[in-house]
Amino acid sequence: MSKTEEKEQLILSDEKVFAEGLCFTKLFWVFFVGCIIGFIAETLYCIFIEHKFGLRGGLLYGPFNPVYGSGAVLITLVLSTIPKKVRTPVGYFLITMVLGAVFEYTLSVLQEKFFGTVSWQYDDTFWNIGGRTNLAFAACWGFLGVMWMSVIYPAFTKRIERIPVRLGRILTVIACTFMAFNITMSILAASRHTSRRAGQPPSNAVEEWLDQHYPDEVMDRIYPNAVPVDGQK
């Protein structure tokens, strides 16, 4: 056995449990799974509440909604570090309710600032805050927090830590690479979509490529709820 193989074997022997504790790997998979759960939840909401079929993704490729993935990471980080006496369904609900409202409001502001669009508007709903969030959806975040920390996250942790270390590392590298590419391309395409709406022609080869591969009809299909702040498509 070579020195490199011996060193690798020593590292693997030290790490006996994959994604143990609240590490980066665990949080990445929390994000990944949260993105998928969010996609499913938004699609079901579209079908049963709005009575129309629509795939509510947030990235160019795959069934992912990064709003929920990021929210899952935030909820996990905060609720895993609060005092044990507060780790009750009521505590989870109240804390996540506030977290969710602030998180949703902040994302709406950032989306409007950087992309000139908004994907949710609650101006006509009860107890809304600037039309960016409201009491009902804050309560939904609260219930999601209770379900996540009481049921989903414990089961998720138990199962992911059973994955063999070597296999887990390989899967994490592949998934991380894919998500980094997916998020980067989604941001670039959305940014260029905003520029086209403003009448700005492509200024370089990258923007020409984005115009060719992600024209307005493609972006409008992927992000049907991303409405320009001036209301014009």
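Within each chain, residue numbers correspond to sequence positions counted from 1 in written order. For a predicted model such as this one, the threshold for reporting local features is a pLDDT of at least 70, and the threshold for listing and counting side-chain atom pairs is 80 or more; totals across whole chains, interfaces and linings nevertheless cover every residue. Heavy atoms from the whole structure form the basis of all side-chain values; hydrogens and water molecules are not counted.

Basic side-chain nitrogens of Lys or Arg form a salt bridge, by our definition, when they fall within 4 Å of a carboxyl oxygen of Asp or Glu. Scanning all chains against the criterion turns up six salt bridges. K26 is the salt-bridge partner of E161, the closest N and O atoms lying 3.1 Å from each other. Of this pair, E161 sits in the loop between helix 5 (135-160) and helix 6 (165-197) while K26 sits in helix 2 (residues 24-48), placing them 135 residues apart in sequence. Here the term buried applies to any residue with accessible area under 20% of the maximum for its type, exposed to any over 50%, and partly exposed to those in between, with areas from a 1.4 Å probe on protein chains only. Using a relative accessible area of 1% as the deciding quantity, one classes K26 as buried. Strands here mean DSSP runs of E at least two residues long; helices mean DSSP runs of H or I at least four residues long; both are numbered from the N terminus.

Moving on, we get to the environment of A226. In this fold, A226 is placed in the loop between helix 8 (216-222) and strand 4 (227-228). For the pair A226 and W120, spaced 106 residues apart in the sequence, the C-alpha separation amounts to 7.9 Å.

A separate point is the packing of helix 6 against helix 7 (residues 205-213). Running from N to C, helix 6 and helix 7 point in directions that differ by 90°, and their axes come no closer than 10 Å. With respect to each other, helix 6 and helix 7 are oriented roughly perpendicular. Where helix 6 abuts helix 7, its residues M185, L188, A189, R192 and R196 lie against E207, W209, L210 and D211. Angular values range over 0 to 180 degrees, each being the angle between N-to-C directions of two axes fitted as lines to C-alpha atoms, with helices fitted over their stretch in contact. Put simply, angles under 35 degrees are roughly parallel, angles over 145 are roughly antiparallel, angles from 65 to 115 are roughly perpendicular, and the rest are oblique. Contacts were defined at the residue level, with two residues in contact if any of their heavy atoms lie within 4.5 Å.

Let's shift gears to the confidence of the model for the chain. pLDDT measures how confident the predictor is about each residue, on a scale from 0 to 100. Of the residues in the chain, 92% reach a pLDDT of 70 or more, and the chain-wide mean stands at 90. For residues 6-13, every residue scores under 50 in pLDDT, and the model assigns this stretch six contacts once sequence neighbours within four places are set aside.

A word on the packing of aromatic side chains. The description of two aromatic rings rests on the distance between their centres and on the angle between their planes. Any pair of Phe, Tyr and Trp rings, taking the six-membered ring for Trp, is counted once the centres come within 6.5 Å. Such a pair is stacked with planes under 30 degrees apart, edge-to-face with planes over 60 apart, and tilted for the rest. Across all of its chains, the model carries 15 aromatic pairs by this definition. An aromatic cluster of three or more residues is present, and its members are F28, W29, F32, F64 and F178. Criterion for a charge above a ring: Arg CZ or Lys NZ at most 6 Å from the ring centre, at most 35 degrees from the ring normal. The ring of F114 has K113 sitting right over it, with the charged end atom 5.9 Å from the ring centre. The side chain of R132 reaches across the aromatic face of Y105, ending 5.8 Å from its centre.

What follows concerns the packing of helix 4 (residues 89-115) against helix 5. Between helix 4 and helix 5, whose axes approach to 7 Å, the crossing angle comes to 130°. Put simply, helix 4 runs oblique to helix 5. Crossing of helix 4 over helix 5 shows right-handed handedness. On helix 5, the residues that touch P89, Y92, F93, T96, M97, G100, A101, F103 and E104 of helix 4 are L135, F137, A138, A139, W141, G142, F143, G145, V146, M149 and S150. By residue class, the composition of the contact of helix 4 with helix 5 is 14 nonpolar, five polar and one charged. In this scheme the handedness of a crossing depends on how the near helix is turned from the far one: anticlockwise by less than a right angle means left-handed, clockwise means right-handed. For this classification, Asp, Glu, Lys and Arg are treated as charged, while Ala, Val, Leu, Ile, Met, Phe, Trp, Tyr, Cys and Pro are nonpolar and the rest, including Gly, are polar.

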